[in-house]
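Architecture at a glance
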Amino acid sequence: MSDLTKLTIAGARDALRKGDVTSLELTEACLSAIDGADALNAFVHKTPEIARERAKAADARIKAGDAPDMCGIPVGIKDLFCTKGVDSQAASRILEGFKPEYESTVSQNLVDAGAVMLGKLNMDEFAMGSSNETSAYGNAVNPWRREGDDTQLTPGGSSGGSAAAVAADLCLAATGTDTGGSIRQPAAFTGTVGIKPTYGRCSRWGVVAFASSLDQAGPMTKDVRDAAIMLQAMCSHDAKDSTSVDFPVPDFEAALTGDIKGKTIGIPKEYHMDGMPQEIEDLWTRGKEMLADAGAKIVDISLPHTKYALPAYYVIAPAEASSNLARYDGVRFGHRAKLAQGDGITEMYEKTRAEGFGAEVQRRVMVGTYVLSAGFYDAYYNRARKVRALIKKDFEDVFAQGVDAILTPATPSSAFGLGEMKDADPVKMYLNDVFTVTVNLAGLPGIAVPAGLDSKGLPLGLQLIGRPWEEGDLLNTAYALEKAAGFVAKPAKWW
Amino acid sequence: MSIDEGTAAKVAKLARIKVEDDALPALAEEFNTILGFIEQLNEVDVDGVEPMTSVTPMKLKRREDVVTDGDQQDKVLANAPDAREGFFAVPKVVE
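Remember, predicted model here, so these are calculated numbers, not experimental data. (Residues numbered from 1 in each chain as written. Chains lettered and ligands numbered in written order. Predicted model: local features only at pLDDT ≥ 70, side-chain atom pairs only at ≥ 80, totals over all residues.)

Digging into the overall build of chain B
In terms of helices and strands, chain B carries three helices and two strands. Expected size for 95 residues packed as a compact globule is a radius of gyration near 12 Å; at 22 Å, chain B overshoots this value by more than 25%. With the C-alpha coordinates aligned to their principal axes, the bounding extent of chain B is approximately 55 × 45 × 25 Å. For chain B, with 95 residues in total, the buried portion stands at 15%. (Helix = DSSP H or I, 4+ residues; strand = E, 2+ residues; numbered from the N terminus. Rg over C-alpha atoms; globule rule 2.2 N^0.38 Å. Buried ≥ 20, exposed ≤ 12 C-beta atoms within 10 Å, placed from the backbone.)

Laid out in structure tokens, this is it:
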């Protein structure tokens with residue numbers, strides 16, 4: 001039975017349609033795997049009753065012969081998505097006990113497609129973090145370990161619970177969200193695939209907001225084909241999100257031909273960072289060779305403002321967060337502090353937010369408040385938005401030169417040990433997003449594909465960045481890279 | 001640009017987050033580290049560049065100005081820490 005959880009979405013879809021397995025059997029296998037994996041702390045709210053109910057409904061639908069691809073597929077949902085009647089607290093103490101009266105559009109799209117929710121997945125608080133260590137639930141743990149070393153490693157962040165759950169075969173796939181790399185970095189740290197689509201592809205409605213101009217949802221899966229299948233089910237135009245685009249959603253899976261002959265792949269020179277480990281450089285070179293062998297043309301390109309992406313991000317994201325998180329005031333939902341005699345409403349706000357927000361969230365809200373405050377708005381916030389325009393133009397220029405996709409490393413290192421960054425200053429942790437954050441600032445689609453193991457036996461990922469709205473083409477290039485890389489390693493089970 | 005404890009306290013107040021006095025020096029130091037990192041943006045020539053307002057060039061959709069939902073007071077109040085008689089209850093707002 002345990003092998004059922006190792007299925008891909010595509011494999012399970014075919015087995016379900018042939019009648020070789022039922023959704024209920026798949027679901028039960030996942031629920032047992034989840035119960036046996038508490039040491040990973042990936043699932044933080046389990047929903048077995050909902051899962052069984054949806055699995056039975058999916059089985060009926062499959063029997064009736066008109067089931068979409070995701071029908072009967074057991075998935076995990078990141079805690080950032082509001083799910084009706086189920087705890088949705090963005091891994092924050094301030095939303096403790098919050099049970100939304102509504103369902104996010106993305107998770108509703110999955111429900112409508114017949115997908116089976118197994119539970120809610122761990123993450124960094126409000127998606128602010130790169131190691132899962134800011135979670136109010138305590139961190140999720142990476143199922144991967146260094147060879148001959150049982151140090152617990154981070155699954156990355158913020159979608160660390162999603163990445164850990166998919167890598168450990170607790171579910172067939174999971175939802176993630178990505179504001180600066182929160183899908184792609186954890187995917188790279190766990191040997192899984194994660195795609196952040198073009199800004200506007202997935203509705204943000206019902207997804208707890210961090211930085212609204214950067215946030216996008218996307219799937220985290222075991223391979224590229226699954227990413228195509230699940231992304232298609234998640235995307236839609238949604239009148240409830242004014243930035244959701246009214247374009248038809250293409251058949252992403254049909255785009256996977258594996259043929260990339262004649263495609264032009266750009267290699268940005270600015271992504272050669274000082275002090276980058278040789279293993280990452282080597283992986284990048286191998287990736288280039290693999291795409292060239294598959295018939296792509298490799299060209300050197302320049303994205304001159306790359307260096308300024310992280311500092312611009314750390315103005316824009318906290319600024320938007322300080323505004324978005326103003327709603328957590330102890331009045332309408334979640335936590336309210338116990339008040340002292342004579343405390344008024346200001347004390348209630350201040351105590352509630354001090355108790356409810358963790359250190360990193362407080363830090364970002366306050367940095368955001370500062371850069372938006374009178375006298376600094378132009379110097380910080382407006383300047384960052386101008387630099388953002390230049391970063392986007394860098395990409396537009398290379399796409400105009402005929403570049404179809406851009407190949408970069410996904411992360412500057414493999415997964416690091418939990419607690420290893422404890423004493424580092426916050427900026428050091430922010431450097432994890434150095435290769436991914438440009439993509440959010442420019443609103444582009446980006447995908448992380450596992451491409452090899454480092455000398456410690458840990459997975460490493462490569463990132464491909466595509467043209468806006470051309471996820472199908474991007475997925476196809478990723479598919480060619482995946483085939484050439486032939487990454488099949490799995491973490492040895494210790495949990 | 002260097003942030004002192006007084007500025008840190010002011011920012012905490014604006015953000016409505018209670019920070020104890022003894023935590024202010026460390027907070028000011030963190031702000032300075034982050035702002036020091038952000039200062040790099042001053043190296044960029046942004047003359048004549050418009051600040052980005054929308055990452056995807058598109059017109060926001062409009063809809064009829066009509067009521068599309070409502071009449072769900074119980075749901076609106078369901079998650080409130082303190083709801084009474086159909087309202088959110090809060091401590092005193094004015095002296």
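Focus: unusual backbone geometry
All names here are of chain A. Omega for the peptide link from glycine 157 to serine 158 comes to 5°, which places this bond in the cis form. Along the chain, serine 158 turns up in the loop between β3 (116-121) and α5 (160-167). Even without being glycine, aspartate 169 reaches a positive phi, approximately 60°. Locating aspartate 169 in the fold gives a position in the loop between α5 and β4 (173-178). The backbone phi angle of tryptophan 469 is positive, close to 70°, even though this residue is not glycine. Relative to the helices and strands, tryptophan 469 resides in the loop between β11 (459-466) and α15 (471-485). The exposure class assigned to tryptophan 469 is partly exposed, which follows from the 18 C-beta atoms found within 10 Å.

Focus: the sheet that holds strand β10 (residues 446-453) of chain A
Residue and element names in this part refer to chain A. Taking strand neighbours across the sheet as the criterion, the 11 strands line up as β1-β3-β2-β4-β6-β5-β10-β11-β9-β7-β8 in an open arrangement whose pairing is mixed. Two strands close off the open sheet at either side, each with one partner strand: β1 (43-46) and β8 (297-301). Each neighbouring strand pair of the sheet contributes to a mean axis angle of 30°, computed without reference to strand direction. Pairing between strand β5 (residues 193-196) and β10: three bridges, direction antiparallel. Opposite isoleucine 195, over in β10, you have isoleucine 447 as the bridge partner. (Pairing = 2+ DSSP bridges. Axes fitted to C-alpha atoms, helices over the stretch in contact; angles between N-to-C directions.)

Notes on the pairing of β11(A)
Within a regular beta strand, the side chains point alternately toward one face of the sheet and then the other, so they alternate between its two faces. Residues and elements named next belong to chain A. Within β11, eight of the eight residues are buried, which leaves it mostly tucked inside the rest of the structure. Bridging between strand β9 (residues 405-409) and β11 involves five bridges; their strand directions are antiparallel. Directly across from alanine 405, in β11, lies its bridge partner glycine 466. As paired elements, β10 and β11 share seven bridges and run antiparallel to each other. Within β11, the residue paired with leucine 453 across the bridge is proline 459. Between β10 and β11, which pair antiparallel and follow one another directly, the connecting turn spans five residues, one of which, glycine 457, has a positive phi of 85°.

Quick word on the nonpolar core
All names here are of chain A. With 174 residues, the main nonpolar core has Val75 and Leu464 as its most contacted residues. The biggest single contributor to this core is helix α9 (residues 309-324), with 10 residues. Not counting the four nearest positions on each side in its chain, leucine 464 is found in contact with Ala405, Ile406, Leu407, Ile447, Val449, Leu474, Thr477, Ala478 and Leu481. (Core = buried A, V, L, I, M, F, W, Y, C linked by C-beta atoms within 7 Å. Contact = placed C-beta atoms within 7 Å.)

With respect to the interface of chain A and chain B
The partner chain B presents 38 residues to the 56 residues of chain A that form the contact. Every element with two or more residues in the side of chain A that touches chain B is listed here: α9, α10 (345-356), α11 (359-372), α12 (377-400) and α13 (426-430) of chain A. In terms of residue count, α12(A) provides more of the side of chain A that touches chain B than any other element does, 11 residues in total. Here the residues of the side of chain A that touches chain B are counted per class, giving 29 nonpolar, 12 polar and 15 charged. (Nonpolar A, V, L, I, M, F, W, Y, C, P; charged D, E, K, R; others polar.)

Points about the packing of helix α8 (residues 278-293) of chain A against α15(A)
Residues and elements named next belong to chain A. Running from N to C, α8 and α15 point in directions that differ by 110°, and their axes come no closer than 9 Å. In terms of their interaxial angle, α8 and α15 are classed as roughly perpendicular. From α8, Gly287, Met290, Leu291 and Asp293 reach across to α15, where they touch Ala480, Leu481, Ala484 and Ala485. Here the residues of the contact of α8 with α15 sort into six nonpolar, one polar and one charged. (Parallel < 35°, antiparallel > 145°, perpendicular 65-115°, else oblique.)

Description of the UniProt feature "domain: Amidase" (unreviewed entry) in chain A
Residues given the UniProt feature "domain: Amidase" (unreviewed entry) here are residues 25-475 of chain A. Segment residues 25-475 of chain A splits into 35% helix and 14% strand. End C-alpha atoms: 30 Å apart. (UniProt positions renumbered as here; feature names shortened; annotations may be inferred.)

Some details on the UniProt feature "active site" (unreviewed entry) in chain A
Residues and elements named next belong to chain A. The sites that UniProt annotates as "active site" (unreviewed entry) are Lys78, Ser158 and Ser182. Considering the C-alpha atoms alone, the annotated residues occupy 105 residues of sequence yet fold into one spot, their largest mutual distance being 11.4 Å. In this fold, lysine 78 is placed in strand β2 (residues 74-78). Judged by the 31 C-beta atoms lying within 10 Å of it, lysine 78 is buried. Mapped onto the secondary structure, serine 182 falls in the loop between β4 and α6 (184-190). Residues in contact with serine 182, not counting those within four places in the same chain, are Ala127, Gly157, Ser158, Ser159, Gly176 and Thr177.

A word on the environment of A:Ala39
Position of A:Ala39 relative to the elements: it lies in the loop between α2 (23-35) and β1. Put simply, A:Ala39 and A:Thr198 are 159 residues apart on the chain and 35 Å apart in space, counted from C-alpha to C-alpha.

What about the packing of α11(A) against helix α1 (residues 5-14) of chain B?
Between α11(A) and α1(B), the least distance of the axes is 9 Å, while the angle of their chain directions is 100°. By the criterion of interaxial angle, the relationship of α11(A) to α1(B) is roughly perpendicular. Contact with α11(A), carried on its side by A:Met366, A:Thr369 and A:Tyr370, involves B:Val11, B:Ala12 and B:Leu14 of α1(B) and no other residues of that element. Here the residues of the contact of α11(A) with α1(B) are counted per class, giving five nonpolar, one polar and no charged.

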